[in-house]
Amino acid sequence: MRYTIEQLDAMEGHSFENAVADLLFHNGYRDVKVTQGSGDYGIDILARRKNVKYAIQCKRYKGKVSVKAVQEAGLGADFYHCDAAAVITNSEFTKPAENLAKTTGVRLWGRPFLKELIDNYDEEYDKLDPASAMALVSEKKIHYQPASQNKPSKTQPVSQKAKQNKKKTTASSSSTSGSIAAVIILIIIIILWKIIFS
């Protein structure tokens, strides 16, 4: 669904995480997954963009997000074997958080980034969902054939070639038999000619 920044501001923590996951998906992120909550090692969402796997901590705050969130995101990314860590918030970050992020490479996605996700929300990405794709197939909105029907039979050319060879062999045999019979008849005629006129 589409959101407003005000709606995100009013959400409780877990609802905010689900909303952010939905926003990421509809902005081209793939394999988007909300973690279990307790025991998540500071990571709320796992997602992939192109070849980069992200570990993301969500912070729905009224105040500024502290350096602790940056520390947790960095450690959580290591635990989940991700390529990058990020903290996303509807608010802003403290100066120490920004300084640590610059040093550690943790991405800080603040309120402006969240607004960009809302503005760029694209429902076309729903078509890439496997369940939606199969629904389109069942409704016959796209043409689909099983792979076995699309592939040409490997045995068909061989069978046709065998039939052609058989025809050639039969024709060749008939031609040879006819030649031998003609020669025999010619020999008989010559013998009879000699007998009659000798």
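Residue positions within a chain follow its written sequence, with the count starting from 1. Residue-level local features of this predicted model are given only where pLDDT is at least 70; pairs of side-chain atoms are given and counted only at 80 or more, and the full residue set underlies all totals for whole chains, interfaces and linings. The side-chain numbers reported here are obtained from all heavy atoms of the structure, hydrogens and water having been left aside.

Engineer: How should the overall build of the protein chain be read in this particular structure?
Structural biologist: Broken down by element type, the protein chain carries eight helices and five strands. When the helices and strands of the protein chain are read in sequence order from the N terminus, they spell out α-α-β-β-β-α-β-α-β-α-α-α-α. The cut-offs for exposure are 20% and 50% of the maximum accessible area for each residue type, with area from a 1.4 Å probe on protein chains only; residues under the lower value are buried, those over the upper are exposed, and the others partly exposed. Per-residue burial over the protein chain gives 29% buried out of 198 residues. For this analysis, residues touch if any pair of their heavy atoms sits within 4.5 Å. Looking at the protein chain alone, contacts between residues at least 24 apart form 58% of all its contacts between residues at least 6 apart. Carbon and sulfur atoms form 57% of the exposed surface of the protein chain, whose accessible area is close to 13600 Å². For helices the rule is a DSSP run of H or I covering at least 4 residues; for strands it is a run of E covering at least 2, with both sets numbered from the N terminus onward. Using a 1.4 Å probe, accessible areas were evaluated by the Shrake-Rupley method; residue-level cover was limited to the displayed protein chains.

Engineer: Help me out: how do you make sense of the packing of aromatic side chains in this one?
Structural biologist: In this description, a pair of aromatic rings is defined by centroid distance and the angle of the planes. By convention, a stacked pair of Phe, Tyr or Trp rings (six-membered ring in the case of Trp) has centres within 6.5 Å and planes under 30 degrees apart, an edge-to-face pair has planes over 60 apart, and any other such pair is tilted. Enumeration according to the criterion identifies seven aromatic pairs in this entry. Pairing W109 with F113 gives two aromatic rings, centres 4.6 Å apart and planes at 20°, and the pair type is stacked. With a relative accessible area of 9%, W109 lands in the buried category. These aromatic residues form a ring-pair network of at least three members: Y29, Y54, W109 and F113. Over a ring means this: the NZ of a Lys or the CZ of an Arg is within 6 Å of the ring centre and within 35 degrees of the ring normal. Stacked on the ring of Y29, the Lys or Arg R49 has its end atom at 4.9 Å from the ring centre.

Engineer: Help me understand the side chain of K59, please; the structure alone is not making it clear to me.
Structural biologist: Structurally, the position occupied by K59 is in strand β3 (residues 52–59). Positive charges come from Lys and Arg, negative ones from Asp and Glu, while His and the chain ends are left out of the count. A carboxyl oxygen of Asp or Glu within 4 Å of a side-chain nitrogen of Lys or Arg is what we treat as a salt bridge. With no salt bridge to any partner, buried K59 finds its closest opposite charge in E72, at an N-O distance of 4.5 Å.

Engineer: When you look at the sheet that holds strand β4 (residues 84–89) in this model, what are you seeing that I'm missing?
Structural biologist: The strand order across the open sheet formed by five strands is β1-β2-β3-β4-β5, and the pairing between neighbours is mixed. Sheet topology places β1 (30–34) and β5 (107–109) at the edges, where each strand pairs with a single neighbour. Along the sheet, successive strands turn relative to each other by an average axial angle of 25°, direction set aside. Angles here are taken between N-to-C directions and fall from 0 to 180 degrees, while the axes themselves are lines fitted to C-alpha atoms, restricted in helices to the stretch in contact. Sitting on the sheet, helix α3 (residues 67–79) touches β3, β4 and β5, and the angle it makes with β4 is about 145°. Whether two strands pair depends on DSSP finding at least two bridges between them.

Engineer: Which parts of the structure should I look at to understand the pairing of strand β2 (residues 45–49)?
Structural biologist: Looking along a regular strand, one sees side chains alternate from face to face of the sheet. In terms of strand pairing, β1 meets β2 through three bridges, oriented antiparallel. Across the sheet, R30 pairs through a bridge with R48, a residue of β2. Pairing of β2 with β3, which is carried by five bridges, proceeds in the antiparallel orientation. Looking across to β3, one finds that L46 is bridged to A55. What sits between the antiparallel neighbours β2 and β3 is a turn of two residues, in which K50 has the positive phi angle 55°.

Engineer: Help me out: how do you make sense of the confidence of the model for the protein chain in this one?
Structural biologist: Segments scoring low in pLDDT should not have their predicted coordinates read at a detailed level. The pLDDT value tells you how sure the predictor is about a given residue, anywhere from 0 up to 100. Chain-level statistics for the protein chain give a pLDDT mean of 79 and a share of 70% at 70 or above. Under a pLDDT of 50 for its full length, residues 133–163 has, in the predicted model, six contacts with residues more than four places off or in other chains.

Engineer: Whenever I open this one, the pattern of salt bridges confuses me. Can you help?
Structural biologist: Should their charged atoms come close, side chains of opposite charge can pair. Throughout the structure, instances matching the rule amount to four salt bridges. D31 is paired through a salt bridge with R48; the nearest N and O atoms lie 2.8 Å apart. Of this pair, D31 sits in strand β1 while R48 sits in strand β2; the two residues are 17 residues apart in sequence, bridging distant segments of the chain. Exposure remark for D31: the relative accessible area of 55% places this residue in the exposed category. Judged by its relative accessible area of 31%, R48 is partly exposed.

Engineer: What am I meant to see in the environment of V20 here?
Structural biologist: Examined against the element boundaries, V20 turns out to sit in helix α2 (residues 13–25). According to the relative accessible area criterion, V20 is buried, its value standing at 0%. The spacing of V20 and L117 is 97 residues in sequence and 8.7 Å in space, taken between C-alpha atoms.

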